[in-house]
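Chain by chain, the residues:
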Amino acid sequence: MTRILHRRIGATPPVAVEGRGIELFDAAGKAYIDASGGAAVSCLGHGHPEVIAALHRQLDRLAYAHTAFFTSEAAEELADLLIEDAPAGLSHVYLVSGGSEAIESALKMARQYFVEQGEPQRRHIIARRQSYHGNTLGALAAGGNEWRRARFKPLLIETHHIDPCYAYRLQREGESDETYAARAAGQLEDKIRQLGSDQVIAFVAETVVGATAGAVPPVADYLKRIRAICDRYGVLLILDEVMCGSGRTGTFYACEQDGVVPDLVALAKGLGGGYQPLGAVLLSPQIFDAFANGSGFFQHGHTYAGHPMAAAAGLATQKIIRQDNLLANVVAMGDELEQRLLERLGNHHHVGDIRGRGLFRGVEMVADRSTKRTFDPELKLNARIKAEAMARGLMVYPMGGTVDGRFGDHVLLAPPFIVDRADISRIVERLGDAIDAAIASIPAPARVEG
Ligand SMILES: Cc1ncc(COP(=O)(O)O)c(C=O)c1O
């Protein structure tokens, strides 16, 4: 009997005992292709010898030093490297232990910025429906996934939500990308005006929406419009690149492809590649200077912030990505993955949309392609796909509630950056079979036969 409160009580998962390359192995010796990098984490795959060697070196010299007393070589070097690659307009790094901590920190930085600036009345956070920013209370309050929020609502700070930029569901028939981008971004302006333009702290969004909607990129110049609206009203733009950043979409910062620079950007997951828990917030010089010229500090902190082992893992992971030119592989294999998904699932009766960027792809499932009707959530199609995939030795990241927190199912793919063509073939083959088997397990009246 397990003493762990697992994610699902009564469903103890297999015991993972080893990881090599793109595969994980359980205690029974079964191999699983990690086509989701866990949750878009393991960007270098598993057991990378250079990361392991870097961690050994760090551990031999220094495991831990509290940031109230010391900085560390690994943390300083990682920060230098992140800023070196960052779009102009981001100048400093705040290291934490994961994505939720990064978002909590970014929200508090944004609030403190306005306090330092003499605008303490600013108190509103605007985010988007169907977003996920983490499970701690501030991050959960910012997030827009109703299912995740509902149970904890009485504990959440007040936040406001606009629609996501979700072309498959929300772009009108015949509407151009430009018109849709303007309409979707316009909701932010309306919301800021409604709340009072001097009352809003920040707008928070995932550059490419991950877990809750399945790799949904913005259309056309949506983010440029969002940036312009934020500037017009002096509202800070916080981009959450915890899942889509750190190279996952083919550029280190996903927002590089949208031509925008946020005031704050949150990273985690692929930053440390899963070798240690690591997150970061990058901030603009404007925010840094407000702290430096004001109270002289950011009023926050965690015991494990800037942990030398985590920083060493991040530094080694990021150096390898650059040294092996892996972002070029993310782009090439991302295109390959898209092609193979389109070939295998593009005409599938129950696949409504295939989308994403780089090695960050989503497949949205529908009961009926013509009406985009979703499957009955009670059928738990996403859980069926996950089980069928695991049975076939494939890890993917299916989720329900794609459309509104309750309806809809999708599968998220985020394989390691080291995949090759043969790996992509095996992933798509197994995923196609898993989807077919999951659909076949659903009683016929619940789906449209083709
Ligand atoms: C976009 C995004 N933000 C924040 C988080 C929270 O990160 P963590 O689980 O490391 O706290 C996640 C996790 O999935 C995420 O996808």
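One can find the structure itself at the top, above this paragraph.
A. Molecular detail of the site of the ligand. Around the ligand, the neighbouring residues are Gly 98, Gly 99, Ser 100, Tyr 132, His 133, Gly 134, Glu 206, Asp 240, Val 242, Met 243 and Lys 269. One nitrogen or oxygen atom from the side chain of Asp 240 is found 2.7 Å from a nitrogen atom belonging to the ligand. Separating an oxygen atom of the ligand from a side-chain N or O atom of Lys 269 is a distance of 2.9 Å. Protein chains bury 82% of the 390 Å² of accessible surface belonging to the ligand in isolation.

B. The sheet that holds strand S1 (residues 16–20), seen in detail. Taken together, the four strands give an open sheet; going across it, the order is S1-S2-S3-S13, and neighbouring strands pair in mixed fashion. Edge positions in the sheet fall to S1 and strand S13 (394–395), since each has one partner strand and no second. Both strand S3 (residues 31–34) and S13 contribute to a ladder of two bridges, which runs parallel. In the strand pairing of S13, Asp 34 is matched with Met 395.

C. Representation of the packing of helix H2 (residues 49–61) against helix H11 (residues 308–323). Look at H2 against H11: their axes get within 9 Å of each other, and the N-to-C directions meet at 150°. Comparing their axes, H11 and H2 come out roughly antiparallel. Crossing handedness for the pair H2 and H11: right-handed. On the side of H2, the interface is formed by Glu 50, Val 51, Ala 54, Leu 55, Gln 58 and Leu 59, while H11 contributes Pro 308, Met 309, Ala 312, Ala 313, Ala 316, Thr 317, Ile 320 and Gln 323.

D. View of the side chain of Glu 206. Take Glu 206: it is sitting in strand S7 (residues 200–206). Summary of buried charges: Glu 206 has no salt-bridge partner, and the nearest side chain of opposite charge, Arg 128, is 5.9 Å away. Of the polar contacts made by the side chain of Glu 206, one reaches the backbone nitrogen of Gly 210; its length is 2.9 Å. Setting aside residues no more than four positions away along its own chain, Glu 206 makes contact with Arg 128, Ser 131, Tyr 132, His 133, Ala 211, Thr 212 and Asp 240.

E. Expanded view of helix H9 (residues 222–233). Look at H9: 17 Å from first C-alpha to last across 12 residues, which is about the 16 Å you get at 1.5 Å a residue. For H9, the complete set of buried residues consists of Tyr 222, Leu 223, Ile 226, Arg 227, Ile 229, Cys 230 and Tyr 233. Projected onto a plane normal to the axis of H9, the buried residues spread over an arc of 165° and lie on a single side. Taken together, the buried residues of H9 touch strand S5 (124–128), strand S6 (160–162), helix H8 (177–195), S7 and strand S8 (236–240). Within two residues after H9, Gly 234 carries a phi angle of roughly 65°, on the positive side.

The rules we used
- Residues numbered from 1 in each chain as written.
- Predicted model: local features only at pLDDT ≥ 70, side-chain atom pairs only at ≥ 80, totals over all residues.
- Heavy atoms only, no water.
- Near = heavy atom within 4 Å.
- Polar contact = N/O pair within 3.5 Å; in protein donor to acceptor, adjacent residues only side chain to side chain.
- Areas by Shrake-Rupley, 256 points an atom, 1.4 Å probe, with all protein chains shown as cover.
- Pairing = 2+ DSSP bridges.
- Helix = DSSP H or I, 4+ residues; strand = E, 2+ residues; numbered from the N terminus.
- Axes fitted to C-alpha atoms, helices over the stretch in contact; angles between N-to-C directions.
- Parallel < 35°, antiparallel > 145°, perpendicular 65-115°, else oblique.
- Left-handed = near helix turned anticlockwise from the far one by under 90°.
- Contact = heavy atoms within 4.5 Å.
- Buried < 20%, exposed > 50% of the residue type's maximum accessible area, 1.4 Å probe, protein only.
- Lys, Arg positive; Asp, Glu negative; His and termini not counted.
- Salt bridge = Lys/Arg side-chain N within 4 Å of Asp/Glu carboxyl O.
- Expected span 1.5 Å × (residues − 1).
- Arc of directions from axis to C-beta.

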